[in-house]
Amino acid sequence: MNWAVATYDSAFGYVSAHGAPLIDLLDPQQGERVIDLGCGTGTFSAEIAARGATVLGIDGSREMIAQAASIHPSLSFAVGDAHDFTVAEPYDAVASNAALHWMTRDPDAVIAQAHAALRPGGRFIAEMGGAGNCAELITAMQTAWRVFGLAEPELPWYFPTPAEYATRLEEGGFTVRLLEFFDRPTRMSEGPNGAADWVRLFAPEALADVPPEIAEPLLDRINVLAAPALRRESGWVADYVRLRFAAIRKPNGSGPLLEPGSAVAETSWPGGAPTAALDPI
């Protein structure tokens, strides 16, 4: 994914801004070691570090990592693929904000790598797009492509149902302690072309396949199609649906960080374990 880094942090800063409930759920403690998986430009990493934890931000985009290192020079960042990254020592937690739904090649591999990076009893905390996320925006995209006689655009996202992702986590060696699934209509801090700008930023590869002479008319049509559902007097609203979870690596699970005969860390959660909850779909 080739991100427009400056645009990501300005017009679409709400992606990072909505991480506040997630940082509270993670509840990083002084001296803990935490991985921010899909760290982007490091905003969430900095919030983790502000709580006293040592954080390593990992992202597949060199541009994002360069920007993160420039903005937060005291923090550690690395370019890495979430499907196959490795760490030398186990971490207390892996956290991810608005990134897992971009990791589409093999969601089970991402979960496996998070599992491998954690100590037994370590926490995996994340928020991602859930089933139905941006449905109106996606429908407008797909309809506009058809109107212009184009093949269906390849969408770069994975938006699972709560049941689907809970199953993946459990089969990947985690115990799910909390799972929330909720609508979160979110105002875009927009330029003049809200839905079109959203496509430009979040689906640039699909747009790159469009003949240049029809790209702008196509984007204009997307705005026309999306406006009845998403345009308000106060501006454009993205129809977000979020999946937020808290899970722990099972203390008795197998994995590359467990050596034969080694002591198994006791499962723990700062401030007590969250209450399990599954919101209705």
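A quick note: this is a predicted structure, and the numbers were derived from the prediction, not measured.

## Details of empty space enclosed by the protein
- Throughout the structure, instances matching the rule amount to one cavity of 30 Å³ or more.
- Considering only enclosed or pocket space, the largest cavity measures out at about 40 Å³ in volume.
- If you trace the largest cavity, you find it lined by L100, M103, P107, V110, M128, Y158 and Y165.
- Residues of the lining of the largest cavity, tallied by class, amount to seven nonpolar, no polar and no charged.

## Structural notes on the confidence of the model for the protein
- Mean pLDDT for the protein: 86, with 81% of residues reaching 70 or above.
- Considering only residues more than four positions removed or in separate chains, one finds that residues 1–19, a stretch of pLDDT under 50, has 53 contacts.
- A low-confidence stretch, residues 273–281 stays under pLDDT 50, and its non-local contacts, those more than four residues away or across chains, total 23 contacts.

## What to know about the pairing of strand β4 (residues 91–97)
- Most of β4 sits inside the fold, with seven of its seven residues counted as buried.
- Direction of pairing for strand β1 (residues 33–37) relative to β4: parallel, over a ladder of three bridges. Bridge pairing links I35 to V94 in β4.
- Inspection of the sheet shows β4 paired to strand β5 (residues 118–129) by six bridges, in the parallel sense. Bridged to N97 within β5 is E127.
- With respect to chirality, the unit in which β4 leads through helix α6 (residues 107–117) into the neighbouring parallel β5 is right-handed.

## With respect to the packing of aromatic side chains
- Summed over the entire model, instances satisfying the criterion amount to nine aromatic pairs.
- Ring geometry for Y158 versus Y165: centroids 6.4 Å apart, planes at 45°, classification tilted.
- Judged by its relative accessible area of 13%, Y158 falls in the buried class.
- When its relative accessible area of 2% is taken as the criterion, Y165 is described as buried.

## A word on the packing of helix α9 (residues 194–202) against helix α11 (residues 212–230)
- It is at 7 Å that the axes of α9 and α11 come closest, and there the two elements cross at 125°. In terms of their interaxial angle, α9 and α11 are classed as oblique. Along this stretch, α9 crosses α11, giving a crossing that reads as right-handed. Facing G194, A195, A196, V199 and R200 of α9, the residues of α11 in contact are E216, L219, I222, N223 and A226.
- Here the contact of α9 with α11 is composed, by residue class, of six nonpolar, two polar and two charged.

## Re the pattern of salt bridges
- Tallied over the full model, the rule gives 14 salt bridges.
- Across the pair R200 and D197 runs a salt bridge, and its minimum N-O distance is 2.6 Å. A residue pair is termed a helical-turn pair when its members lie 3 or 4 positions apart in one helix, as R200 and D197 do in helix α9 at three residues.
- Overall, the relative accessible area of 31% leaves R200 in the partly exposed class.
- Taken together, the salt bridges that share partners define one network made up of E127, E180, R184, R242 and R244.

Reading guide: rules and limits
- Residues numbered from 1 in each chain as written.
- Predicted model: local features only at pLDDT ≥ 70, side-chain atom pairs only at ≥ 80, totals over all residues.
- Heavy atoms only, no water.
- 1 Å grid on protein atoms, 1.4 Å probe; cavity = no way out; pocket = protein on both sides within 12 Å on 5 of 7 lines; lining within 4 Å.
- Points joined across faces, edges and corners; volume = space filled by probe spheres on them.
- Nonpolar A, V, L, I, M, F, W, Y, C, P; charged D, E, K, R; others polar.
- pLDDT = per-residue confidence, 0-100.
- Contact = heavy atoms within 4.5 Å.
- Buried < 20%, exposed > 50% of the residue type's maximum accessible area, 1.4 Å probe, protein only.
- Helix = DSSP H or I, 4+ residues; strand = E, 2+ residues; numbered from the N terminus.
- Pairing = 2+ DSSP bridges.
- Right-handed = clockwise from strand over helix to strand, strands pointing away.
- Phe/Tyr/Trp six-rings, centres within 6.5 Å; stacked < 30°, edge-to-face > 60°.
- Axes fitted to C-alpha atoms, helices over the stretch in contact; angles between N-to-C directions.
- Parallel < 35°, antiparallel > 145°, perpendicular 65-115°, else oblique.
- Left-handed = near helix turned anticlockwise from the far one by under 90°.
- Salt bridge = Lys/Arg side-chain N within 4 Å of Asp/Glu carboxyl O.

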